[in-house]
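Listed below are the residues making up each chain.
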Amino acid sequence: MKFNKTLEDIQTYEAGKPIELVVREFGIDPKNIIKLASNENPYGCSMKVQNAVKEIISKMSLYPDDSMTKLKNGLSKRFNLGVESLIIGSGSDQVIEFLIHAKAHAGTKILMNSVTFAMYEIYAKHVGAEVLRTASQEHNLDEFYAIYKEQKPEIIFICTPNNPTGDAIDTHKLKEFLAKIDKDTLVVVDGAYMEYAAFKDASKKVDAKELIENFENVIYLGTFSKAYGLGGMRVGFGLANPKIIKELYKLRPPFNITTLSLEAASVALEDEEFVNKSISANFEEMKRYEEFALEQKIDIIKSFTNFITLCLNETQDSTKLSNALLQKGMIVRNLSGYGLNAIRVTIGTHEQNNRFFELTAELLK
Ligand SMILES: *Cc1c(COP(=O)(O)O)cnc(C)c1O
């Protein structure tokens, strides 16, 4: 049977291995498996969210409120933007899908960082678009601009902080860059980890409202999957000029967010204490990774997120290390597929991190 030619060249996205798979493959007791591979919140999610979801569990038989009024109002308040400036997706992943399908087609040029979130390229390839990449590992906006001037891409992806490297862009540099970009070019600013960066360093904090009000061609993406601890609920959002949002709505399937997810995200937005505690614990624990790396003589990339990238030296191999960790029930992300001899580790709880240090020190010996 024949399928679209555009699919031939796509590699299926490899999500962090789920715990269930490790149980089956290695026969390890699920209690002894630690997953530090998908940048989930190791502290779970707010109790208020859990209670609210329990309360409405019997509503499962009904289709969700497709107007999403409660969550839209919550986001509108949080970002101080009108509801016509936002769209909610099944994860911000879905918003990425919408925007690529809305603007790109065969041959459209899409510019992104050399190493960045894999889904940009996968969606680009769905429509046969051409992916252009910078050379540097970290976002270098001068390089972005040079390629932009020469190639005139129609979409530019900026991921700050970047996944899987953890580095973030200075906001004033980002704004300078955006000011030089033509209004016909859609610039996507993916802030999946922005809550972390904003906490750690105010100079990296992107104010979504300011951004989209100053730049009519920019869309800002956020998610509930990381700091809010709702990866399993699949809720993300895009914020942009209503003219952009209106087009994206044409691609949205009805009921793309479930009743339980809408409720979970709405309540999660209100529990700022939970989010702040998670973020502050994250950076406390991150210090221990920095110390560990120093002891082990491994390089790290300074991170503004809830994960850290350990760049191994020539005598070490990220594939071997991540496989060996997996056999011990420790799931991390091998970055060899991104061309890096590195592993990306989600900062876990104190105990989870202890286990990581213990196992890794032993394996690197
Ligand atoms: C996790 C992540 C997303 C989206 O996650 P969803 O779960 O689909 O909301 C988007 N961009 C980056 C860079 C991410 O790391």
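Within each chain, residues carry numbers counting from 1 in the order of the written sequence. This being a predicted model, a pLDDT of at least 70 is required before a residue's local features are given, and a value of 80 or more before pairs of side-chain atoms are given or counted; all residues contribute to the totals for chains, interfaces and linings. As a convention, hydrogens and water are excluded, and side-chain values are obtained from all of the structure's heavy atoms.

A. Structural detail: the nonpolar core. Residues grouped as a nonpolar core are buried Ala, Val, Leu, Ile, Met, Phe, Trp, Tyr and Cys residues, joined through side-chain atoms within 4.5 Å. The buried label applies to any residue whose accessible area, calculated with a 1.4 Å probe on protein chains only, is under 20% of its type's maximum; exposed applies above 50%, and partly exposed to all values in between. In this structure, Leu 71, Leu 75, Ile 156, Ile 158, Phe 224, Leu 239 and Phe 356 are the most contacted members of the largest nonpolar core, which totals 81 residues. Counting 29 residues, the second-largest nonpolar core is a separate cluster that includes Phe 117, Tyr 120, Leu 221 and Leu 248.

B. Broad picture of the packing of aromatic side chains. Here a Phe, Tyr or Trp ring, Trp counted by its six-membered ring, pairs with any other such ring whose centre lies within 6.5 Å, and the pair is stacked when the planes are under 30 degrees apart, edge-to-face when over 60, and tilted otherwise. Summed over all chains, the structure comprises 17 aromatic pairs. Where Phe 292 meets Phe 356, the ring centres are 6.0 Å apart and the plane angle is 65°; that geometry is what we call edge-to-face. Residue Phe 292 is located in helix H12 (residues 272-296), and its partner Phe 356 is located in helix H14 (residues 350-364); the two are separated by 64 residues in the primary sequence. Its relative accessible area of 5% is what places Phe 292 among the buried residues. Within the aromatic cluster, the residues linked to one another by ring pairs are Phe 79, Tyr 220, Phe 224, Tyr 228 and Phe 237. If you follow Lys 200 out to its NZ or CZ, it ends over the ring of Phe 304, 5.2 Å from the centre. Only DSSP runs of H or I with at least four residues qualify as helices, and only runs of E with at least two residues qualify as strands; both kinds are numbered from the N terminus onward. Criterion for a charge above a ring: Lys NZ or Arg CZ within 6 Å of the ring centre, and within 35 degrees of the ring normal.

C. Seen up close, the environment of Asp 184. Within the secondary structure layout, Asp 184 lies in the loop between helix H7 (171-179) and strand E6 (186-190). You can call Asp 184 exposed: its relative accessible area is 59%. A C-alpha to C-alpha distance of 6.9 Å links Asp 184 and Asn 217, two positions 33 residues apart in sequence. Throughout, a residue-residue contact means that at least one pair of heavy atoms, one from each residue, lies within 4.5 Å. Apart from the residues lying within four places of it in its own chain, the contact partners of Asp 184 are Lys 103 and Glu 154.

D. Fine view of the packing of H12 against H14. Look at H12 against H14: their axes get within 11 Å of each other, and the N-to-C directions meet at 10°. One way to sum up the angle between H12 and H14 is to call them roughly parallel. Here Glu 285, Arg 288, Tyr 289, Phe 292 and Gln 296 of H12 lie close against H14, whose contacting residues are His 350, Asn 353, Asn 354, Phe 356, Phe 357, Thr 360, Ala 361 and Leu 364. Residue classes follow a fixed rule: Ala, Val, Leu, Ile, Met, Phe, Trp, Tyr, Cys and Pro count as nonpolar, while Asp, Glu, Lys and Arg count as charged, and any other residue, Gly among them, counts as polar. Here the residues of the contact of H12 with H14 sort into 6 nonpolar, 5 polar and 2 charged. Axis angles are defined between N-to-C directions and span 0 to 180 degrees, where every axis is a line fitted to C-alpha atoms and, for a helix, only to the segment in contact. Note on angle classes: values under 35 degrees are labelled roughly parallel, values over 145 roughly antiparallel, values of 65 to 115 roughly perpendicular, and the remainder oblique.

E. The arrangement of unusual backbone geometry in detail. In the segment running from Thr 160 into Pro 161, the intervening peptide bond is cis, with an omega of -5°. Mapped onto the fold, Pro 161 is located in the loop between strand E5 (155-159) and H7. A cis amide bond links Asn 163 to the next residue, Pro 164, at an omega of 15°. Secondary-structure assignment places Pro 164 in the loop between E5 and H7. At Lys 152, a residue that is not glycine, the phi angle is positive and equals roughly 45°. Its location among the elements puts Lys 152 in the loop between helix H6 (141-151) and E5. Phi angles above zero are rare outside glycine, and Arg 234 is one such case at about 60°.

F. Region of the structure containing the domain arrangement of the protein. For the purposes of this description, domain bounds are those given by an automatic or database domain assignment. Along its sequence, the protein is organised into domain 1 (5-45 + 273-364) and domain 2 (47-271). Spacing between the C-alpha centres of domain 1 and domain 2 amounts to 24 Å. Each of two parts loses accessible area, computed with a 1.4 Å probe, when they are put together; buried area is these two losses added. Summed over both partners, the interface of domain 1 with domain 2 comes to about 3000 Å²; 66% of that surface belongs to carbon and sulfur atoms. Salt bridges are defined as contacts in which a side-chain nitrogen from Lys or Arg sits within 4 Å of a carboxyl oxygen from Asp or Glu. Counting every contact that joins domain 1 to domain 2 gives 1 salt bridge. Taking the shortest distance from any N to any O, the salt bridge between Lys 125 and Asp 9 comes out at 3.7 Å. For this analysis, a polar contact is any N or O atom pair within 3.5 Å, provided that within protein one partner can donate a hydrogen and the other can accept it, and provided that sequence-adjacent residues contribute only side-chain to side-chain pairs. At the surface where domain 1 touches domain 2, the tally comes to 13 residue pairs in polar contact (both at pLDDT 80 or more). At the level of secondary structure, the elements contributing two or more residues to the side of domain 1 that touches domain 2 comprise H12 and strand E10 (307-311). Counting residues per element, the side of domain 1 that touches domain 2 draws most heavily on H12, which supplies 10 residues.

G. Main features of H7. Those residues of H7 that fall on the buried side of the exposure criterion are Thr 171, Leu 174, Phe 177 and Leu 178. Along the axis of H7, the buried positions cluster into a sector of 120°, meaning they face one direction only. Residues of H7 that are exposed and point more than 90 degrees away from the buried face comprise Glu 176 and Ala 179. Residues of H7 that are buried in the fold lie against H6, E5, E6, helix H9 (208-214) and strand E7 (218-223). Our arc is simply the arc of the directions from the helix axis toward the C-beta atoms.

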